[in-house]
Amino acid sequence: MPFIPHTEHDVRAMLRVIGVDKIDDLFDEIPSNLRIRDLPGIPPALNEMEITRLMHGRAQADGQPLCFAGAGAYEHHIPAAVWEVATRGEFYSAYTPYQAEASQGTLQLIYEYQSMMAALTGLDVSNASLYDGASGLAEAVLMTVRAHKSKGRCVLIPRSTHPYYRQVARNIVGTQGIEMIEIGFDHQTGRVETALLPADTRDAVALVIPQPNFFGTLEEVDQLTDWAHARGLYVIAVVNPMSLALLKPPGVWGTKGADIACGDGQPMGIPLSSGGPYYGFMCCKQELVRQMPGRIVGRTVDLDGKPGFTLTLHAREQHIRRSKATSNICTNQGLMVTASTIYMALMGPQGLASTAEQCVVNTQQLRNKIHRVAAPMFSGAVFHESVVALRKPAAEVIERLAAQGIVAGADLSVDYPELGNALLVCATETKTSADIDTFARALTAAQA
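Rules of the game
Residues numbered from 1 in each chain as written. Predicted model: local features only at pLDDT ≥ 70, side-chain atom pairs only at ≥ 80, totals over all residues. Heavy atoms only, no water. Buried < 20%, exposed > 50% of the residue type's maximum accessible area, 1.4 Å probe, protein only. Helix = DSSP H or I, 4+ residues; strand = E, 2+ residues; numbered from the N terminus. Right-handed = clockwise from strand over helix to strand, strands pointing away. Pairing = 2+ DSSP bridges. Contact = heavy atoms within 4.5 Å. Salt bridge = Lys/Arg side-chain N within 4 Å of Asp/Glu carboxyl O. Axes fitted to C-alpha atoms, helices over the stretch in contact; angles between N-to-C directions. Parallel < 35°, antiparallel > 145°, perpendicular 65-115°, else oblique. Left-handed = near helix turned anticlockwise from the far one by under 90°. Nonpolar A, V, L, I, M, F, W, Y, C, P; charged D, E, K, R; others polar. Core = buried A, V, L, I, M, F, W, Y, C linked by side-chain atoms within 4.5 Å.

**Student:** Describe the pairing of strand E6 (residues 234-239), with residues and values.
**Tutor:** Look at any regular strand and the pattern is simple: side chains alternate between the two faces of the sheet. Most of E6 is tucked away, with six of its six residues classed as buried. Taken together, strand E5 (residues 204-211), helix H8 (residues 221-230) and E6 constitute a β-α-β crossover, and its handedness is right-handed. Relative to strand E7 (residues 260-264), E6 runs parallel, the two sharing three bridges. Opposite Ile236, over in E7, you have Ile260 as the bridge partner.

Below, the structure is given as structure tokens:
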């Protein structure tokens, strides 16, 4: 909140009306032994000018490095109109729209967002949003376990899925007795081959397919989808929404299409912002809609035949029958969804496709420029991200380039030690030929 208009006189008047002497009296139910009297280490309050200067200084400390990192968070150009509109008061402070008659604007925006996401993924239904892509994957796993007719409680997930997604999903579903069985990847192609998939799937309920995977490599999604469906498994697609402007949507993978698609919406108009907030998206087939968590907005007509919008399929057991409930995600990432809706509306299908195409072109140019000192590690096709093999440890190279104002990429040695000195690099549409030349020179010098 940028400005609080209440004066001390206003505050005293309000307290007098409600019959208390001071604000602390409003919290008298909190036992005194649980109250913190002071906050050691917290400096005295600053005035507006001082706090503005402090925050500008903190922002400048981040700098404006030349960024060639991806790994789940991507630097894309965001038209100025996106956040000018998204931060208007009508959107900026909007809460979950329980009362349809008072929230038509918010409900319509969410409906438009859901329509766009369903079109991008080729699936029937989208929810309002989830906290982030990783928790979206966990929710998709829970959906498949609830929906599967067997009593299986394990899900197959490739190691080429984002490590953070795997960790978050395991932490969430593991407490409910669901096992995440990791599948290896081919070290030549960087993708999952069917020969690596288990022969015995009796206890499995779903297969996760990342597209592109964490390495930027494109998986053989048709083959994997049909393999899963032939064994009675659901297919969970973990996708980069920007890639869907070019790639086949999950809804038409294989013969029957993926059953659920999820991921992070950050590429769609959300700045890097030192790590967030972002938001997760989820779409699914009609047959799974009652297993879907969170909010769904529908379009209807009133008694006079006028169109209107309202929350739909909001199961009451979320409030009164917890044992039958899906996850009750009340506070969706509404502001981020607002920005993404505006971004997609401004860009349109051609704008998104053009952006995605430029990402592919720039990534190929980057690979060509650095191949003598950092050769591509995998032979598979990629989307705006690629793993390269360095001559020196990736952490050392990253540190040297950081000193020159360049974010070199992601070090894979922690999560994939078997890959050795592997660096995950990314070039979005924001990179020029000059930027790529600068990076190539710095990378060469750092390994000399």
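Further notes follow.
**Student:** Give me the environment of Lys369: which residues, what numbers.
**Tutor:** The residue Lys369 is located in helix H10 (residues 334-370) in this model. Sequence separation between Lys369 and Arg441 is 72 residues; the distance between their C-alpha atoms is 9.2 Å. Apart from the residues lying within four places of it in its own chain, the contact partners of Lys369 are Ile436, Asp437 and Ala440.

**Student:** Go over unusual backbone geometry, please, and point to the residues and values.
**Tutor:** For the bond running from Gln211 to Pro212, omega is -10°, close enough to zero to count as cis. Structurally, Pro212 is set in the loop between E5 and H8. Cis rather than trans, the peptide bond between Gly276 and Pro277 has omega equal to 5°. Positionally, Pro277 belongs in the loop between E7 and strand E8 (280-284).

**Student:** How would you explain the pairing of strand E4 (residues 179-183) if you had to name every residue and give the values?
**Tutor:** The sheet contact formed by strand E3 (residues 154-158) and E4 spans five bridges and is parallel. Opposite Leu156, over in E4, you have Ile181 as the bridge partner.

**Student:** Provide a residue-level description of the pattern of salt bridges, including the pertinent values.
**Tutor:** Inspection of the entire model under this criterion finds 14 salt bridges. Two residues, Arg202 and Asp200, come together in a salt bridge whose shortest N-O distance is 2.8 Å. Residue class for Asp200 comes out partly exposed when judged on its relative accessible area of 46%. In this structure, Arg400 engages Glu396 in a salt bridge whose closest nitrogen and oxygen atoms are separated by 3.3 Å. On the criterion of helical spacing, the pair formed by Arg400 and Glu396 is a turn pair, its members being four residues apart in helix H11 (residues 394-402). We classify Arg400 as partly exposed; its relative accessible area is 36%. Connected via shared salt-bridge partners are Arg159, Arg166, Arg170, Glu182 and Glu418.

**Student:** Account for the packing of H11 against helix H12 (residues 433-446), with residues named and values stated.
**Tutor:** The geometry of a pair of packed helices is captured by two quantities: the angle between their axes and the separation between those axes. H12 packs onto H11 with a crossing angle of 125° between their chain directions and a minimal axis gap of 10 Å. Put simply, H11 runs oblique to H12. Remark: the crossing between H11 and H12 carries right-handed chirality. On H12, the residues touching Val397, Arg400 and Leu401 of H11 are Phe439, Ala442, Leu443, Ala445 and Ala446. A breakdown of the residues in the contact of H11 with H12 according to their chemical character gives seven nonpolar, no polar and one charged.

**Student:** Please set out the nonpolar core residue by residue, giving values where relevant.
**Tutor:** Core analysis: the biggest nonpolar cluster contains 44 residues, and Leu207, Met268 and Tyr279 have the highest contact counts within it. Here this core takes eight residues from H10, the largest share from any one element. Among all residues touching Met268, those that are not within four sequence positions of it are Leu120, Pro241, Met242, Tyr279, Ala339, Ser340, Tyr343, Met344 and Leu352. In terms of nonpolar packing, the next biggest core, distinct from the first, is built from 32 residues, Leu137, Ile260, Val289 and Met292 among them.

**Student:** Which residues make up the sheet that holds E4, and what values do they have?
**Tutor:** The sheet built from seven strands is open, its strands ordered E2-E8-E7-E6-E5-E3-E4 with mixed pairing. A strand with exactly one partner marks an edge of an open sheet, and here the two such strands are strand E2 (125-126) and E4. Here E3 pairs with E5 via three bridges, running parallel. Residue Cys154 lies in a different strand from E5, and its bridge partner there is Ala204.

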